[in-house]
Amino acid sequence: MKLFIKPLFLPKRLSPIVFCVVLCLGQLFAQSNFPSGNWADSVMNTLSIEQKIGQLFMVPAYSNKDEAHRQYIHRLIADYHIGGLIFMQGTPERQVSWANEFQAAARIPLLMSQDAEWGPSMRLKKALKFPKNMTLGAIRDDSLIYEFGAEVAYQCKRVGVQVNFAPVMDVNNNPLNPVINYRSFGENKYNVARKGLMMMHGMQNNGVMACAKHFPGHGDTDTDSHLALPIIPHSRERLDTLELYPFQQAIRQGVGSVMIAHLNIPSLDPTPKKASTLSGAVVTDLLRDKMHFSGLIFTDALNMKGVSAFNKPGEVDMAAFEAGNDVLLFPQDVPKAMGLFKQAVVKGKLPLAELNNRVHRILQAKYQLGLDTLGRLPVEGSSQDLNRIEAQLLRKKLYEAAITLPKNDSNLLPLQQLEAHNIAYIQVGGKPESPFVKRLRTYTQVKPFYLSGNPAETERAEVMRSMMAYTTVVVNLIDLTYKAKKDYGITPGMRQLMENLNGSRQKVILAVHGSPYSLKYFGHEDAIVLAYEDAPEAQEAAASAIMGGLKVDGRMPVTASESFPAGSGYVIPKAIRFGFALPEEVKMQGSILNRIDSLAELYVRKKAMPGCAILVARGDQIVYHKGFGKTRPGKLGRPIDPYQHTYDMASVTKVAATTMSVMKLVEEGYLQLDVPIETYLPELAGTDKASLTLRRLLQHNAGLIGWKPFYMDTYSDPRRGVLNKQYYSSTRRDSFQIQLSAKLFCTPSLTDTVWKWVKETEVRDTRRVRYSDIGLILTGKIIESVTHSGLDQYVSYHFYRPLGMNQTSFNPGLQGKAANCPPTELDNNWRRCAVQGFVHDQASSLLGGIAGHAGLFSNVYDLAKLMMMAKNRGTYGGERYLQPVTLSYFTQKQLSYNRKGLGWDKPEFVSGKSSPVSAYCSKDTYGHTGFTGTSVWVDPAADMVFIFLSNRTFPSSRNRLLLRENVRIKIMDQIYEAMVRPQNLDKVPKNVKVGYTRR
């Protein structure tokens, strides 16, 4: 038997380098894993007739069954010398335990097999489930299928399996096929052959024998051979040119085994009701002689009705042997079959030479698979090994690579100019809060509507009335089926809903998590995303594709209709927004990155903060995004949801709103950094601030005081905490219209008074850097003066709305969103309530909640968009927001004697001074922190974004544990440690203090 790769068939989309690797591995496999030797001969010489006959049988073993079944297998091994087992349902640990036990009991090593078409999870619980073949058939990069085969080989060997009954080489050209269907790579024989070969090579190059099935082709039938005998009416010419093509390629490239299907094929064998399994014309004449196959031939399960309905137990085994099969799979009655075989040998009906030939082939395969030196497998950790990170990464890559766009009118996808889309999300079937909608929300705001799997007219009518408020509708169909008899799960209610939507004015995007054949019911939508399955990774990938977080180039593996032929599919050549990756995809170690979990949980327990949300991105991929703790301690607190919960950014407002706006206005010529600010705020003429410049305000060296508690001047009796009734009211009334918190309102005149106090603050004649809120309050007012709009309006129009930052705003409490904001302090002095949904900073509060130094609320995903735009030199989502030169200039160190940029904070590398970031950060790092316990940082050298949001000030802002123990910095350290090598590891000054003094 020769298992090696001949360079006869170069798969499309497979690079020559990868192919050469495959070729070399194949030759190595042929020479080392499958050597020729005398072991098979020596074993043969010791076998009795009964032992030789026993080698032909491969019986099922169910590791989830009881002791009686286990003892039954032992009896077949001891008394009938069976040659192998096919493992069925069970768990990894139980299967490994049984494999060890049965191998130890067998005099001749057992050949262990399994149906692992999409990995051992096809049979075993707790094993990672990979995509089905129909999904894989959509993938253009065939090297991924090789990786899949290699991983399946690893998993098979881990659970004691040497032969995998895969790949399925059937060309599924019949949409009504009930048994092959999604198990096939598709209807194109070339695609089926390429995918099958790559899976085969991946397995055999890694020590597991592949088995091409179901010969000579089970694709064009609407009958399930488990239940009846299908008839294939096609001519020999048709079979040669279509069904047999993938098998011929597999044979030429060294497939180790072939499985014969239970089919009646008159053009190959005219005998009525004869299954191909029992046909010498099919097994011997065609496969062995004409196609020159020299490997093992397995029958399909002999208990299937395709053969068992017409043949008695034992007799069917003999007939299969006589046809030319080597291994008899799933015999119904081993003792009876054994008796018939022995009788045939004695009477000369079964030539001993032929029996010896078959048994020698089986023994040689066992030797070549290393069964002569087989060791005991560790039982412990089997499930974990079948879910290792390499497998998880591959599963994600496969689902993403399969995403197909059968329709994309006017290049609607990926959605761009998000501010122009008011999106409704309709999910038909499944449970609310699916992975699809969760992923969709990370990109932009969507309004969800959940319908039953077959929505009634009342459901449809209600949702259609609601659609008038939206410009774009995303419909997600899940909980579908691959069964043609059930219309692939497409219900009448689904079809009517789509008909109604397609007749409306909205743009309609349909996501299908099911059979590609189901697309025959659709076609009038503006765009269709086909994900094939509803696994979480498939749903997330489909949502990312819609929003531009994923490259898309999948192809239809089958024809659904004239509109959607096999091979069709639109391409999205590259991602334009952030995607989601496992750390290993971006050269990070997930095991180290996950140390963040324990750090966050530790400091939640130590009450450094009630909870927090953390996001880490590298490149354009989010690799870590989790929430910890609650919004507040006790029963009133809710678990942190990184999407839903928007935190008070405090001083992060300085960069996320004010500095961003200044950069935009400077590059557009509306602001200059070095002209007196009285140019923009004439009311400052004649004051000590008139000659200050924007540059000095942003560098914090304008001589301004750092902060002043203006609110203390609004008490009528500060000692007793009595507020001045001239300014305040506990209810909204008359002129008290500005809401400061849930229980405090003030008069607009107070806002004007605070601005007057700001203008009157002292300016010292110094260029010393002193961090100042006053300077950023002035900067915010300059922006408003120049743009003739509020700071909130300007930054939202130019940045937040087009970026899809729909959870980012000032004053969420005024918008009815306070419940989504973790409270920032239990203020028993001034506001006399829990501050929630209203800015914590008192000066910003008195200025109406919108100021240049504080007031912004946001979540980790929105901030990721903004900071990735900055990291990517001003572009995101296919649009440019800032010029690279602007970002480079503002984020670089400005002064020789201080670390700060223009508006942005920077790492400290001067001995004896404290730094706000990890010592591993590069000098190019920029970002900011906030008093409430927030941080945003970009390290261009590491291509990294870090966002940490918390409400460490609740219940009291005097809680400084987060600051004292440098929690945010400790977390940043783990990010750099998780990289292949922290780029600044060797340059950390030993005497630089890690920590931040105030914010």
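This text follows the structure it describes.
Quick caveat, the model's predicted, so the values are computed rather than measured.

1. With respect to the overall build of the protein
Next up, step 1: Assigned secondary structure in the protein consists of 33 helices and 34 strands.
Next up, step 2: Counting only C-alpha atoms, the protein reaches 120 × 65 × 50 Å along its principal axes.
Next up, step 3: Counting across all 999 residues of the protein, residues that qualify as buried make up 63%.
Next up, step 4: By sequence separation, contacts in the protein at least 24 residues apart represent 73% of the contacts at least 6 residues apart.
Next up, step 5: For the protein, the computed accessible surface area is about 36,800 Å², with 50% contributed by carbon and sulfur atoms.
Next up, step 6: Taking the 119 positively charged and 90 negatively charged side chains of the protein as two groups, their mean positions are separated by 5 Å.

2. Points about the layout of surface pockets
Next up, step 1: For the largest pocket, the calculated volume is near 940 Å³.
Next up, step 2: In terms of lining, the largest pocket is formed by 32 residues, of which the most central are Arg-439, Glu-540, Phe-580, His-625 and Lys-626.
Next up, step 3: At the level of elements, helix H17 (389-402), helix H18 (435-443), helix H21 (536-547), helix H22 (590-593) and strand S17 (621-629) are the ones that each hand at least two residues to the lining of the largest pocket.
Next up, step 4: The class makeup of the residues in the lining of the largest pocket is 14 nonpolar, 7 polar and 11 charged.
Next up, step 5: By volume, the second largest pocket is sized at about 680 Å³.
Next up, step 6: In this structure, the second largest pocket is lined by 31 residues; those nearest its centre are Gln-445, Met-805, Asn-806, Gln-807 and Lys-817.

3. Describing the environment of Thr-747
Next up, step 1: Within the fold, Thr-747 resides in the loop between strand S23 (744-746) and helix H26 (748-760).
Next up, step 2: Residue class for Thr-747 comes out buried when judged on its relative accessible area of 8%.
Next up, step 3: For Thr-747 and Val-586, which are 161 residues apart along the polypeptide, the C-alpha to C-alpha distance reads 53 Å.
Next up, step 4: Leaving out residues up to four positions away in the same chain, Thr-747 has contacts with Gln-726, Tyr-727, Ser-735, Phe-736 and Ile-738.

4. A short note on the nonpolar core
Next up, step 1: If you look at the biggest cluster of nonpolar residues, it comprises 122 residues, and the most contacted ones within it are Leu-413, Tyr-728 and Phe-799.
Next up, step 2: Per-element tally for this core: the top contributor is helix H30 (residues 860-871), with 9 residues.
Next up, step 3: Apart from residues lying up to four places away in sequence, Phe-799 is in contact with Met-660, Ser-661, Lys-664, Leu-866, Met-869, Tyr-881 and Leu-882.
Next up, step 4: With 98 residues, the next largest nonpolar core counts Val-258, Val-282, Leu-510 and Tyr-521 among its residues.

5. Let's talk about the sheet that holds strand S10 (residues 423-428)
Next up, step 1: Here 6 strands make up an open sheet; going across it, the order is S9-S14-S13-S12-S10-S11 and the pairing mixed. The outermost strands of the open sheet, each flanked by one partner alone, are strand S9 (404-408) and strand S11 (446-451). Across the sheet, the mean angle from the axis of one strand to that of its neighbour is 15°, orientation sign disregarded.
Next up, step 2: By the bridge criterion, 6 bridges tie S10 to strand S12 (residues 472-477) in an arrangement that is parallel. Within S12, the position partnered with Tyr-425 by the bridge is Val-474.

6. Digging into empty space enclosed by the protein
Next up, step 1: Per the stated rule, a full pass over the model turns up 4 cavities of 30 Å³ or more.
Next up, step 2: The computed volume of the second largest cavity comes to approximately 60 Å³.
Next up, step 3: Contributing to the lining of the second largest cavity are Gln-644, Thr-646, Asn-806, Gln-807, Ser-809, Pro-812, Lys-817 and Asn-820.
Next up, step 4: Of the residues contributing to the lining of the second largest cavity, the split by class is 1 nonpolar, 6 polar and 1 charged.

7. Some thoughts on the environment of Met-338
Next up, step 1: Mapped onto the secondary structure, Met-338 falls in helix H14 (residues 334-346).
Next up, step 2: Residue Met-338 is classed as buried on the basis of its relative accessible area of 4%.
Next up, step 3: Taking the C-alpha atoms as reference points, Met-338 and Tyr-80, 258 residues apart in sequence, are found 7.7 Å from one another.
Next up, step 4: For Met-338, the residues in contact, after removing those within four places along its chain, are Glu-50, Ile-53, Gly-54, Phe-57 and Tyr-80.

8. Quick look at the pairing of strand S7 (residues 296-299)
The side chains of a regular strand alternate between the sheet's two faces.
Next up, step 1: The two faces of S7 match: Leu-296 and Phe-298 on one face and Ile-297 and Thr-299 on the other face are all buried.
Next up, step 2: As defined by bridge partners, strand S6 (residues 257-260) adjoins S7 across 4 bridges and the pair is classed as parallel. The residue of S7 that forms the bridge with Ile-260 is Thr-299.
Next up, step 3: Between the parallel elements S6 and S7, the chain passes through helix H11 (residues 280-290) in a crossover that is right-handed.

9. Comments concerning the pattern of salt bridges
Next up, step 1: For the structure shown, the criterion picks out 46 salt bridges.
Next up, step 2: We note a salt bridge from Asp-326 to Arg-361, for which the minimum N-O separation is 2.6 Å. Here Asp-326, found in the loop between helix H13 (315-323) and strand S8 (328-329), pairs with Arg-361, found in helix H15 (residues 352-368); they are 35 residues apart in sequence, far enough to count as distant. Pair check on accessibility: Asp-326 and Arg-361 agree, each one buried.
Next up, step 3: Of the charged contacts in the structure, one is a salt bridge between Arg-439 and Glu-540, with a shortest N-O distance of 3.6 Å. Within this pair, whereas Arg-439 is found in helix H18, its partner Glu-540 is found in helix H21, the two being separated by 101 residues in sequence.

10. A few points about the pairing of strand S16 (residues 611-618)
Next up, step 1: In terms of burial, S16 is a largely internal element, 8 of the 8 residues being buried.
Next up, step 2: Residues Gly-611, Ala-613, Leu-615 and Ala-617 of S16 are buried on one face, and the alternating residues Cys-612, Ile-614, Val-616 and Arg-618, pointing to the opposite face, are buried as well.
Next up, step 3: In this sheet, S17 lies alongside S16 in antiparallel orientation, the contact comprising 8 bridges. Following the sheet pairing, Val-616 is matched in S17 by Tyr-624.
Next up, step 4: Here S16 hands over to S17 after 2 residues, with Gly-619 in that stretch at a positive phi of 65°.
Next up, step 5: In terms of strand pairing, S16 meets strand S33 (residues 944-950) through 7 bridges, oriented antiparallel. By the bridge assignment for S33, Ala-613 is matched with Leu-949.

Thresholds, definitions, all that
- Residues numbered from 1 in each chain as written.
- Predicted model: local features only at pLDDT ≥ 70, side-chain atom pairs only at ≥ 80, totals over all residues.
- Heavy atoms only, no water.
- Helix = DSSP H or I, 4+ residues; strand = E, 2+ residues; numbered from the N terminus.
- Buried < 20%, exposed > 50% of the residue type's maximum accessible area, 1.4 Å probe, protein only.
- Contact = heavy atoms within 4.5 Å.
- Areas by Shrake-Rupley, 256 points an atom, 1.4 Å probe, with all protein chains shown as cover.
- Lys, Arg positive; Asp, Glu negative; His and termini not counted.
- Charge placed at Lys NZ, Arg CZ, Asp CG, Glu CD.
- 1 Å grid on protein atoms, 1.4 Å probe; cavity = no way out; pocket = protein on both sides within 12 Å on 5 of 7 lines; lining within 4 Å.
- Points joined across faces, edges and corners; volume = space filled by probe spheres on them.
- Nonpolar A, V, L, I, M, F, W, Y, C, P; charged D, E, K, R; others polar.
- Core = buried A, V, L, I, M, F, W, Y, C linked by side-chain atoms within 4.5 Å.
- Pairing = 2+ DSSP bridges.
- Axes fitted to C-alpha atoms, helices over the stretch in contact; angles between N-to-C directions.
- Right-handed = clockwise from strand over helix to strand, strands pointing away.
- Salt bridge = Lys/Arg side-chain N within 4 Å of Asp/Glu carboxyl O.

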